[in-house]
Every structure is written in structure tokens, then in C-alpha cells.
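# Analysis of the macromolecular model
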Amino acid sequence: MTKQETIQCAVFGASGYSGVELLWLLHNHPNFSLAYAFGSSAREAEPISALYPQLQGRCDVLLQAWHSDLLPQLAQQVRVAFLALPHEASAELAPLLVAQGIVVFDLSGAFRLKNPAVHQEAYGFAQPKLSQTVPYGLAEFSQLNGHEPLIAVPGCYPTAAALAIRPIRQLLSDNCVPIVNAVSGVSGAGRKAQPHTSFCEVSLQAYGVASHRHQPEIAQAVGRDVLFVPHLGNFMRGILATIYLQLKDEVRASAIEDSYAACYADQPLVRMVQKPPSIQQVAGTPFCDIYYKQHQQQLIICVAIDNLLKGAAAQALQLANQYFSLPSTTGLLQVGAVL
Ligand SMILES: NC(=O)C1=CN([C@@H]2O[C@H](COP(=O)(O)OP(=O)(O)OC[C@H]3O[C@@H](n4cnc5c(N)ncnc54)[C@H](OP(=O)(O)O)[C@@H]3O)[C@@H](O)[C@H]2O)C=CC1
Ligand SMILES: CC(=O)N[C@@H](CCC(=O)OP(=O)(O)O)C(=O)O
């Protein structure tokens, strides 16, 4: 692909945390060009560096307010839109963009769950009905062919949990209900100020116990029921999950190793590591680091990702690379993060 064939893109929600990480990745990408960066309709137009001063002198993209009367102009100029919006806003906007022939990578949860009743229960609003099925883009397991109009980018916790569990799911005992205990940094809650994510209020605490919307998403992604407990920690970015599983009686260490190798030997953004990963080693990177230890018929997996990158922006771009038949790591390894 030559520079002239650069693919024009728009980022919606570019003033938010995952949106600005996408903006920065696209700004540095050799095959994508950022034509538009939108905030909500309440925004005044200003350079993105007015919100994120670390970008001053490095990226002077204009952040603009989004209004639906821009839709025809957008359809003329962009091929791809990335939506880093609240779930309801994505649910409303994605079908409009798709109708204009724009390919949509949606970072929200609006289109991830296959069962509309489960979606209604988890999100509290009805999933829009579409004429086509929406692929769930867990990047290492998806095979986008460049014809899908809309792709659902997985959630942050489900990315970590599913990448850890999926390769070995055929080794689990029939009655195993994986236990997923995960801690996230506060950027997972987005940029909008809220008391429970303010610096003075965050220490380390479980939330959404047995009721978080990512429980059904993880269950869907791994093909069995799970128990999921998220925790909020007092650090900026990253997710660390510890997962407990019951193996079938006859499973040997070599079967576990072979199963991970079969899935990830050719996947450069998943790293099998020899000691439990830290948040620090993945923060600001597009990697997912996985460690496991077998204890008799129990398996313990420790997995770490950056919630804003592998759990959001970098995974979306990895999928866009795949969509346009580019190597999966294009534009992801040398760039670094904004926050
Ligand atoms: N943070 C994370 O770790 C992850 C987030 N996600 C998902 O990505 C999406 C964005 O999350 P995050 O970046 O954290 O959110 P932020 O709260 O940081 O940003 C939200 C963005 O959406 C814009 N926005 C809000 N309402 C509207 C609307 N009605 N129309 C148009 N734009 C609107 C905001 O604009 P303005 O600034 O003008 O208000 C802002 O740019 C969510 O769906 C989230 O679930 C997915 C994986 C991980
Ligand atoms: C720490 C924190 O609040 N995390 C968010 C999850 C991150 C997110 O935005 O959700 P998606 O991955 O589904 O898009 C939460 O628990 O709601």
C-alpha cells in the first residue's frame, strides 16, 4: 500500500481517554490518516493539545463538535470511523454511519453481546437491530475479511480474560466455572469526573460483584459461565486479572503449553511470560502478557493488559490492520501512549 492509498478515518469520542489514544495511534500510522476528530456536540473546536498538552508540538489535530448534519460530508471523505463513545451514543450513531458506507469499529459495548435479552439486562437499553451480524473482534481469534460493515471491539476486562482462557477451554472440566478476579486502573472509568474515581476516593475495592456487564461478555467469549469480580485500584492504567480454573483429570502440562502455543505462537501481541506479569510491563503497550501455573488439577492464570490500548484503542487498530490485510502490529509497536 502506497502513501497515496492512505485510508481516511474519523475518531468519535476523541476527547476521551480511549479516543485520544486512538487519535495518537492513527496520527502515527503509516496507512491510516486522521481526517476528523470529534468530541460531543457540546465542544468548542480547539486543537487536541488544548486538552492533552503532552501532544503540543507533536499532534495539532483539531477536535471538533459532532453534529449529525456533518454526516454527508463525512461519507464523502472517510472510509473508517472508530467510535470511542458511551454505549447508547454508539448504538445510535453506528447504524447511521454504516448506512453511509463507512466501516465502523465500535469500542463500546453496544454490539458485543449476541443475545438481545442479555444485552438489555446488562446495558439497560435495547440493542439496535441490524440486518447483518456484527463480528466480535477479539483480535487474535477474529478473521476479518474487509467486507464487514461494523465490528464490535471487545471490552477491556473481557479481552484479558478471553485471551487467557480461550486457548485452554477444551482442557477444562465439564463443571468448571472459571473465577476471574481483576483489578483495573481508574482510566477504565473514562475521563468524565465522578466521585468514585476521584484521587482521594480510590484505594482498592471490588465493585459490580456478580453483576458487572462484562460477566456475560466474558461468558460469551469463552463459551461457558464464569464468575467475575472487578476491582478498582489507585493507579492510572492497566488491568491485572488472576483466573482460577479446574482442569479435566487427565490434563498434563504439555497439553496446556501446546494449547497456548497453537493459538499464540504466531501472534506477536500476546506474550507468554515465565513469571507473573505486572501492570508496569504492559502499561502504554499493545501487549497481553499471560503466565500460568498448574497445581494438581487446578490452573491459575495471571494476565495483564493496558486497558486503553490492548483493551481498547490498540485492539481496535489491530482489527483495522487485519481488515485491510496489513500486518497486525503495524503502527502499534513504536508509538507509545498519550496518558
Ligand atoms: N476507558 C477504557 O479503559 C475503555 C473504554 N472502552 C469504551 O470506550 C468508550 C469510551 O470510553 P472512554 O474513553 O473511557 O470514555 P471517556 O468518558 O473518556 O470519553 C467519552 C467520549 O465520548 C464523547 N461523548 C460523550 N457523549 C457523547 C455523545 N452523546 N455524542 C458524541 N460524543 C459523545 C465525549 O465527548 P466530550 O469530551 O465532548 O464530552 C468523549 O470524547 C466507552 O464505550 C467505553 O465503554 C472500552 C474499553 C476500555
Ligand atoms: C475501572 C472501570 O470503571 N472500568 C469500566 C470498564 C471499562 C470500560 O469502559 O468498559 P468497556 O470495556 O465495556 O467498554 C467499568 O467497570 O465499567
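This is a predicted model, so every value here is computed, not measured.

This part takes up the overall build of the protein chain. What the protein chain contains, in helices and strands, is eight helices and 14 strands. Over its C-alpha atoms the protein chain spans a radius of gyration of 20 Å, differing by no more than 12% from the 20 Å that the globule rule assigns to 339 residues. In terms of overall dimensions, the protein chain has a C-alpha envelope of 60 × 45 × 40 Å along the principal axes. Here the protein chain, with 339 residues, has 53% of them falling under the buried criterion. Partitioning the contacts of the protein chain with sequence separation of at least 6, the portion at a separation of at least 24 is 71%. With an accessible surface of roughly 15100 Å², the protein chain has 51% of that area assigned to carbon and sulfur atoms. Averaging the locations of the 20 positively and 23 negatively charged side chains of the protein chain gives two centres separated by 3 Å.

What follows deals with the environment of Val118. Inspection of the secondary structure assignment puts Val118 in helix α4 (residues 116-123). A relative accessible area of 30% places Val118 in the partly exposed class. Once the C-alpha coordinates of Val118 and Asn175 are considered, the two residues, 57 residues apart in sequence, prove to be 22 Å apart. Once residues lying within four places of it in the same chain are set aside, the contact partners of Val118 are Leu113 and Pro216.

What follows covers the site of ligand 1. Around ligand 1, the structure places 25 residues, and the nearest of them are Ser15, Ser18, Ser40, Arg43 and Leu85. Between Arg43 and ligand 1, the recorded distance is 2.8 Å, taken from a side-chain N or O atom to an oxygen atom. In the complex, the protein chains occlude 78% of the 900 Å² of accessible area that ligand 1 would expose alone. Among the secondary structure elements, those contributing two or more residues to the shell around ligand 1 are α1 (17-27), α3 (87-99) and α8 (309-323). Within the shell around ligand 1, the residues separate by chemical class into ten nonpolar, 13 polar and two charged. No fewer than three residues from each of domain 1 (3-154 + 310-323) and domain 2 (157-307) sit in the shell around ligand 1.

So, on to the packing of α1 against α8. In a packed pair of helices, the relevant descriptors are the angle between the two axes and the axis-to-axis distance. Relative orientation of the contacting elements α1 and α8 amounts to 35°, with a least axis distance of 9 Å. Two packed elements cross with a definite hand, and for α1 against α8 that hand is right-handed. Residue-level inspection shows Ser18, Glu21, Leu22, Leu25 and Leu26 of α1 in contact with α8, the latter providing Leu309, Ala312, Ala313, Ala314 and Leu317. Its residues placed into classes, the contact of α1 with α8 shows eight nonpolar, one polar and one charged.

Quick look at the UniProt feature "active site" (unreviewed entry) in the protein chain now. As annotated by UniProt and renumbered to match this structure, "active site" (unreviewed entry) occupies Cys156. Inspection of the secondary structure puts Cys156 in helix α5 (residues 156-165).

A word on the nonpolar core. Leu23, Leu26, Phe32, Ile48, Leu55, Phe82 and Phe105 are the most contacted members of the largest nonpolar core, which has 46 residues in total. Broken down by secondary-structure element, the contributors of at least two residues to this core are β1 (7-12), α1, β2 (32-39), β5 (80-83), β6 (103-106) and α8. Sequence-distant contacts of Leu26, defined by excluding residues within four places in its chain, comprise Cys9, Val11, Phe32, Leu34, Phe82 and Leu317. Core analysis: the next-biggest nonpolar cluster, separate from the first, contains 38 residues, Ile168, Val180, Ala219 and Ile243 among them.

Now for the UniProt feature "domain: Semialdehyde dehydrogenase NAD-binding" (unreviewed entry) in the protein chain. Mapped onto this numbering, the UniProt entry gives "domain: Semialdehyde dehydrogenase NAD-binding" (unreviewed entry) at residues 8-147. End C-alpha atoms of residues 8-147 are separated by 17 Å, and the span's content is 28% helix alongside 19% strand.

Another aspect to go through is the site of ligand 2. By nearness alone, 13 residues border ligand 2, and Arg112, Tyr207, His212, Arg213 and His214 come closest of all. A distance of 2.9 Å separates an oxygen atom of ligand 2 from a polar backbone atom of Cys156. The separation between an oxygen atom of ligand 2 and a polar side-chain atom of His214 is 2.4 Å. Burial of ligand 2 by the surrounding chains reaches 83%, relative to a free accessible area of 430 Å². In the shell around ligand 2, the residues fall into five nonpolar, six polar and two charged.

Next up on the list: the pairing of strand β8 (residues 179-184). Here β8 shows one buried face, formed by Val180, Ala182 and Ser184, and one open face, formed by Ile179, Asn181 and Val183. In the sheet, β8 pairs with strand β10 (residues 227-233) via six bridges, with the strands oriented parallel. Bridging from a neighbouring strand, Val180 pairs with Phe228 of β10. Where β8 and strand β11 (residues 239-246) come together, six bridges link them in antiparallel fashion. Counted as the bridge partner of Val183 is Leu240 from β11.

So, how was this worked out
Residues numbered from 1 in each chain as written. Chains lettered and ligands numbered in written order. Predicted model: local features only at pLDDT ≥ 70, side-chain atom pairs only at ≥ 80, totals over all residues. Heavy atoms only, no water. Helix = DSSP H or I, 4+ residues; strand = E, 2+ residues; numbered from the N terminus. Rg over C-alpha atoms; globule rule 2.2 N^0.38 Å. Buried < 20%, exposed > 50% of the residue type's maximum accessible area, 1.4 Å probe, protein only. Contact = heavy atoms within 4.5 Å. Areas by Shrake-Rupley, 256 points an atom, 1.4 Å probe, with all protein chains shown as cover. Lys, Arg positive; Asp, Glu negative; His and termini not counted. Charge placed at Lys NZ, Arg CZ, Asp CG, Glu CD. Near = heavy atom within 4 Å. Polar contact = N/O pair within 3.5 Å; in protein donor to acceptor, adjacent residues only side chain to side chain. Nonpolar A, V, L, I, M, F, W, Y, C, P; charged D, E, K, R; others polar. Domains from an automatic or database assignment. Axes fitted to C-alpha atoms, helices over the stretch in contact; angles between N-to-C directions. Left-handed = near helix turned anticlockwise from the far one by under 90°. UniProt positions renumbered as here; feature names shortened; annotations may be inferred. Core = buried A, V, L, I, M, F, W, Y, C linked by side-chain atoms within 4.5 Å. Pairing = 2+ DSSP bridges.

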